[in-house]
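# Coordinate analysis (summary)
Residue-level listing of the chains:
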Amino acid sequence: MHILHCTYSMETGGAETMLVDIMNGQISAGHRVTLLIVNDREAESVTGSIDPAVEIIRFHRREGAAPLMMMARLNMTICRLKPDIVHVHHEKFCRLVRMRRSRLLYTVHCLNADMQYCNGVHIAAITDIVGDDVRKRLSNAKVRTVANGIRIDSIPVRKREVSDVFRFLQVGRLSPELKGQDIAIRALGELHRRGIDNVEITFIGAGDGLTALRELAATEGVDDRVHFLGLRDRDYIYSHLHTFDAMVHPSRYEGFGLTVAEGMGAGLPLIVTEHDGPWEVADHGRLCMSVERDNYVSCADAMVEMMNNYAKALILADEAREYVRRFDIARTVESYDKYYSDIIG
């Protein structure tokens, strides 16, 4: 079949790199795949890893410019291509796409996504938690869970012994209102007040929250043990995950948590927010330590418990590494193929 993927940008990020893997898998399965990038925002490290058989259409639009013209161009492109499936990765496309709407599929990548224009659209939710969130806000939603996927066999497994300093990691966009980096820093400050100073947290990612997070680390007196590495591509992340002792991800709202699944693939013990997307990925909390949402003391308690019972945490992490294989990218590709076929009839 001919699959048209529509996205606004292809910058470095979990959703973008996973889309690359999905498209490459679809090419391997014998499909014709076209990618339409609306805005002039892409990273060569991302688009450069797309299979050459994928046709890429670039509108090179400046973000926010001429939406009506872009809408007309988008629909003319769909009319010309006549794809079997139009697979979109942002809710705005549900308003903009007018051609072949009966074959329009929107993947909801986050909680609290805007569903205003999604009536009648086929929806893929990346976790059951996201699917339930969609159903609460969209009556008669045509939604199915299609879990995100990772390249599990590309991730080196943790081998490092714990040193005098316990090293936590969080990977993700620096958006504290969603990812909760401030909660992790406040938890580190709480440990400092308890006299526990042999702990560090490293953040990989970029975003508008960097300045505020640096200031918070200084206020909490832990700026010497909070490290910001900035944006890194997936190859860097995969090759460095196993050098840390554990992953802490006290998100406020997270639909899936690709980086958490990747941490599981690397054999890292996990601390995540209860009843959030990563909590579901960790078998509904069975394979991680759970903390209360927006509660830095709960996060600090979990960090202490993990450090004090690290041998037990590693046993759980070994089980998590096997469990996370169900989120291999090949299964994601197969699930989308089945959904596409059901939509086409």
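A short tour of the structure in this document, coming up. (Residues numbered from 1 in each chain as written. Predicted model: local features only at pLDDT ≥ 70, side-chain atom pairs only at ≥ 80, totals over all residues. Heavy atoms only, no water.)

### Examining the packing of aromatic side chains
Rules: The criterion for an aromatic pair is that two Phe, Tyr or Trp rings (for Trp, the six-membered ring) have centres within 6.5 Å, with stacked assigned to planes under 30 degrees apart, edge-to-face to planes over 60 apart and tilted to the rest. Helix and strand definitions follow DSSP, with helices as H or I runs of at least four residues and strands as E runs of at least two, each counted in order from the N terminus. Accessible area is worked out with a 1.4 Å probe on protein chains only. A residue is then buried under 20% of its type maximum, exposed over 50%, and partly exposed in between.
Applying the stated criterion across every chain, the model contains 7 aromatic pairs. With 4.7 Å between their ring centres and 40° between their planes, Tyr-8 and Phe-93 make a pair best called tilted. Residue Tyr-8 is found in the loop between strand S1 (2–7) and helix H1 (14–28), and its partner Phe-93 is found in helix H4 (residues 92–96); the two are separated by 85 residues along the sequence. In terms of burial, Tyr-8 and Phe-93 fall into one category: buried.

### What to know about the sheet that holds strand S3 (residues 55–61)
Just so we agree on the cut-off: At least two DSSP bridges between two strands are required for those strands to pair. Under this scheme, a helix contributes an axis fitted over its contacting stretch, all axes are lines through C-alpha atoms, and angles between N-to-C directions fall in the 0 to 180 degree range.
Across the sheet, which stays open at both edges, the 7 strands sit in the order S3-S2-S1-S4-S5-S6-S7 with parallel pairing between neighbours. Only two strands of the sheet have a single neighbouring strand rather than two, namely S3 and strand S7 (142–145). Here the average twist between neighbouring strands, direction ignored, is 20°. Where S1 meets strand S2 (residues 32–39), 6 bridges bridge the pair, whose relative direction is parallel.

### Some thoughts on the packing of H1 against helix H14 (residues 329–344)
Counted only if it meets this: Comment on the angle field: the value is read as roughly parallel under 35 degrees, roughly antiparallel over 145, roughly perpendicular from 65 to 115, and oblique elsewhere. The crossing is said to be left-handed when, going from far helix to near helix, the turn is anticlockwise and less than a right angle, and right-handed when the turn is clockwise. Contacts: residue pairs with any heavy atoms within 4.5 Å of one another.
Contact geometry for H1 and H14: axes closest at 9 Å, N-to-C directions at 65°. Between H1 and H14, the interaxial angle falls into the category roughly perpendicular. In this structure, H1 meets H14 at a crossing whose hand is right-handed. Between H1 and H14, the residues in contact are Met-18, Asp-21, Ile-22, Gly-25 and Gln-26 and Ile-329, Thr-332, Val-333, Tyr-336 and Tyr-340, respectively.

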